[in-house]
Amino acid sequence: MPLAWLVVFFVLPIAIVAAYSFNVYSLYPGQHGFTLGAWSSFIHSGVYLRLFWKSVQMSLIVSAVIVVLAYPLAYYLALSGTKRKYVLLLVLIAPFLTSYLLRVLAWKVILGDEGVINSFLFWTGIRSPGHPISALLYSRFAVILVLGYIWLPFVALPIFVSLESLDRRLLEAAGDLGASRLQAFRRVTLPLSLPGVIAAFLFVFIPTLGEFVTPSLVGGTTGYMYGNQIVDLFGTGFPDWETGAVLAIFLLLVVTILTVVFSRFLQPRQVATD
Amino acid sequence: MDVAISNKGAWALRVFFLLVVVFLYAPIVILLIFSFNNSDVPTFPLSGFTFHWYREFASNSDLRGALETSAIVASLSSLGAVVLGVMASLALTRRVFRGKAAASALLLSPLVIPYVVFGISLLLLFHQLGVQRGLLTVVIGHIVISLPYTILVIVPRLEQIDSSLEEAAYDLGASRLRTFRSITLPLILPAVVSAFLIAFTTSFDEYAVASFVIGTRVTFPIYLYSALRFPSQLPQVIAVAVVVLLVSLVVVIGAELGRRTAERRVG
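This one's a predicted model, so the numbers in the text were calculated from it and none came from an experiment. (Residues numbered from 1 in each chain as written. Chains lettered and ligands numbered in written order. Predicted model: local features only at pLDDT ≥ 70, side-chain atom pairs only at ≥ 80, totals over all residues.)

S.K.: Mind showing me how you'd approach the overall build of chain B here?
M.R.: The secondary structure content of chain B amounts to 11 helices and zero strands. Going residue by residue from the N terminus, the α and β elements of chain B occur as α-α-α-α-α-α-α-α-α-α-α. Relative to the globule expectation of 18 Å for 267 residues, the C-alpha radius of gyration of chain B, 23 Å, shows a markedly less compact shape. In terms of its C-alpha atoms, chain B occupies a principal-axis envelope of roughly 75 × 70 × 30 Å. Within chain B, the proportion of its 267 residues that are buried is 41%. In chain B, the share of contacts with a sequence separation of at least 24, taken over all contacts with a separation of at least 6, comes to 80%. (Helix = DSSP H or I, 4+ residues; strand = E, 2+ residues; numbered from the N terminus. Rg over C-alpha atoms; globule rule 2.2 N^0.38 Å. Buried ≥ 20, exposed ≤ 12 C-beta atoms within 10 Å, placed from the backbone. Contact = placed C-beta atoms within 7 Å.)

Spelled out as structure tokens, the structure:
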């Protein structure tokens, strides 16, 4: 029965989107029939592919930066021998489990032209009133900052799990054999925690690639992402479901390929049971 | 010598950890401060202390309606997701059948689908079927999203408990249903409760998918999103934000501590 549910409300709808992308179904009455027209103009026009590439770059920056930030956090919790590691882990992760929209809202309040940072700068006289740092909000920077803020607590988890399961005797052995801390880290700890790092990276990269809520709230025009384009093509202005369906299926294909290629690193069960 | 970390290194990491925690909680604290600020816009300098915004949102019927709607949607969808999740988990752990790996992959696949893609897929499905968009369509979408989370929580618990307990019950003549009710369910209850909580909070906070299939009656995230576009409502929204964030922090931490103590007790 759970499988039937997913077939009807998950697989079937995606199949319908695919059908739209080949013009088997259409929003407007008129000529129907299988065609690759929308796909070929998607690939040839370049507009959408450039936007997709821009989103890939933004997601890569977000994922890379926060994996680098989260690694020392996880390392500290797993290997420094602190007694309260689970409490600290919970402190770290708790914000991730609270409202997504409200955390975006907080940054809107902080970054705006009349926001907390700018008004603080006016008040203290660092910037003269009327000359806010406008690039803070409605920019690519804002999208990357907010997405990083949102996902940072979460990426620490898979890295923590992989470091936690590391056999500490290996490190002792490395030490006994005369390895320095740096050598032990480079030759033992880092390679053994790499699966966790890759998993963490993908856990952020995959969802942020299709992100549209954060960019629509704090991105303005420069922070516009591929996901926003999909939403707009299905929006109320000038709907073009056929092109929208092509964009959606293309994104889904990329995500599926990533998931399959890296499936041996993506073991959500390991994370969830901890 | 501790090969993993030097004393100095541990100290530096502790400071770094602290800084990150400050970074994570500062925005929440800033919201808290400005929710009591006596001004129409959240700007420095602070202009006075007030409970005005809290009173304002307490008497805002649209907002209360949206919270109520979200509570209904979240209850129904998490109930649905947990029921399906228990069934799927039992099948995955207790039965042997062909295509199990494929079934398991399908059951977990909603974890990785971009919500924008799933949202438009549901939109097109309901469009094709001629189904009116409304709370029911949102509930359906949320069940799909939450289902993998419930499975991820329940399966490990089922793997922990000894299946010979269930076999003993069958040998003593208990039916499948009776065995489930008297043996399996009580043993997996802590996991079921936390699965329910996870599904509930997922649904309560879900905007992306809901935005495509919502009807005229809005859920809390949908209300919030549209309120973010009107600056006049901002102080009220900040007050609501503080309440929701604090309540969810307390629930999350409480649930996690509760689960740990329960698991320690049951073993």
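S.K.: Got a minute to help me understand the overall build of chain A in this structure?
M.R.: On a plain count of helices and strands, chain A comes out with 13 helices and zero strands. Moving toward the C terminus, one meets the helices and strands of chain A in the order α-α-α-α-α-α-α-α-α-α-α-α-α. With respect to the three principal axes, the spread of C-alpha positions in chain A is 75 × 60 × 35 Å. Per-residue burial for chain A yields a buried fraction of 47% across its 274 residues. Here the analysis covers contacts within chain A between residues at least 6 apart in sequence; of these, 70% occur between residues at least 24 apart.

S.K.: Honestly, the environment of B:Gly119 in this entry has me stumped. Any pointers?
M.R.: Residue and element names in this part refer to chain B. Looking at where Gly-119 falls in the secondary structure, it is placed in helix α5 (residues 115-129). Taking the C-alpha atoms as reference, Gly-119 lies 7.0 Å from Ala-208; in sequence the two are 89 residues apart. When near neighbours in sequence (up to four residues on either side) are disregarded, Gly-119 contacts Ala-208, Val-209, Ser-211 and Phe-212.

S.K.: Is there a simple way to explain the interface of chain A and chain B in this structure?
M.R.: The extent of an interface is frequently quoted as the accessible surface area lost upon association of the parts. Each partner contributes to the interface: chain A provides 72 residues, whereas chain B provides 71 residues. For the side of chain A that touches chain B, the class distribution of residues is 56 nonpolar, 10 polar and six charged. (Nonpolar A, V, L, I, M, F, W, Y, C, P; charged D, E, K, R; others polar.)

S.K.: When you look at the confidence of the model for chain A in this model, what are you seeing that I'm missing?
M.R.: The predicted coordinates ought not to be read in detail in places where the model reports low pLDDT. Confidence in the prediction of chain A, expressed as mean pLDDT, is 84, and 94% of residues score 70 or more. Contacts for the low-pLDDT stretch residues 269-274 of chain A, under 50 throughout, to residues beyond four places or in other chains number 11 contacts. (pLDDT = per-residue confidence, 0-100.)

S.K.: How do you make sense of the nonpolar core when you look at a structure like this?
M.R.: One recurring pattern in soluble globular proteins is that nonpolar side chains are buried together. All names here are of chain A. Among the nonpolar cores identified, the biggest contains 162 residues, and Ala-70, Ala-74 and Val-155 are the most heavily contacted of them. Here this core gets 18 residues from one element, more than from any other, and that element is helix α7 (residues 140-164). Both domains that furnish three or more residues to this core are identified here as domain 1 (1-35) and domain 2 (50-273). Excluding residues that lie within four positions of it along the chain, Ala-70 makes contacts with Leu-152, Val-155, Ala-156, Ile-159 and Ala-200. (Core = buried A, V, L, I, M, F, W, Y, C linked by C-beta atoms within 7 Å. Domains from an automatic or database assignment.)

S.K.: I'm lost on the domain arrangement of chain A in this one. Help?
M.R.: All names here are of chain A. If you check the domain split of chain A, you get domain 1 (1-35) and domain 2 (50-273). For domain 1 versus domain 2, the distance between C-alpha centres works out to 32 Å. Across the side of domain 1 that touches domain 2, the residue classes tally to four nonpolar, three polar and no charged.

S.K.: I would appreciate a short explanation of unusual backbone geometry in the present structure.
M.R.: If a residue is not glycine, its phi is most likely negative; likewise, a peptide bond is most likely trans. The backbone of A:Tyr138 shows a phi angle near 55°, a positive value even though the residue is not glycine. With respect to the secondary-structure elements, A:Tyr138 resides in the loop between α6 (116-124) and α7.

S.K.: Before we go on, may I ask you to explain the environment of B:Leu185 in this structure?
M.R.: Residues and elements named next belong to chain B. Following the sequence through the fold, Leu-185 ends up in helix α8 (residues 176-204). Exposure remark for Leu-185: the 12 C-beta atoms within 10 Å place this residue in the exposed category. As for Leu-185 and Leu-158, which are separated by 27 residues in sequence, their C-alpha atoms are 9.8 Å apart.

S.K.: For this particular structure, what's the right way to read the packing of α7(A) against helix α9 (residues 181-209) of chain A?
M.R.: For any two helices packed against each other, one specifies the inter-axial angle together with the distance between the axes. Residue and element names in this part refer to chain A. It is the contact of α7 with α9, at a shortest axis distance of 8 Å, that shows an interaxial angle of 155°. The orientation of α7 with respect to α9, classified from their angle, is roughly antiparallel. When you trace α7 past α9, the crossing you get is right-handed. Note on element contacts: α9 touches α7 through Ser-193, Pro-195, Gly-196, Val-197, Ala-199, Ala-200, Phe-203, Val-204 and Thr-208, opposite Leu-147, Trp-151, Phe-154, Val-155, Pro-158, Ile-159, Val-161, Ser-162 and Leu-163. Class assignment of the residues belonging to the contact of α7 with α9 gives a composition of 14 nonpolar, four polar and no charged. (Axes fitted to C-alpha atoms, helices over the stretch in contact; angles between N-to-C directions. Parallel < 35°, antiparallel > 145°, perpendicular 65-115°, else oblique. Left-handed = near helix turned anticlockwise from the far one by under 90°.)

S.K.: I'm lost on the packing of helix α3 (residues 47-79) of chain A against α9(A) in this one. Help?
M.R.: Residue and element names in this part refer to chain A. Axis separation between α3 and α9 bottoms out at 9 Å; the angle between their running directions is 145°. For the crossing formed where α3 meets α9, the hand is right-handed. Residues Ser-55, Val-56, Ser-59, Leu-60, Val-62, Ser-63, Ile-66, Val-67, Ala-70 and Tyr-71 of α3 pack against Val-197, Ala-200, Phe-201, Val-204, Phe-205, Thr-208 and Leu-209 of α9. When its residues are assigned to classes, the contact of α3 with α9 shows 13 nonpolar, four polar and no charged.

S.K.: Is there a simple way to explain the environment of B:Ala208 in this structure?
M.R.: By the secondary structure assignment, B:Ala208 is in helix α9 (residues 208-213). In this structure the C-alpha to C-alpha distance between B:Ala208 and B:Ile222, which are 14 residues apart in sequence, comes to 9.0 Å. Those residues in contact with B:Ala208 that lie beyond four places of it in its chain are A:Val213, B:Tyr115, B:Val116 and B:Gly119.

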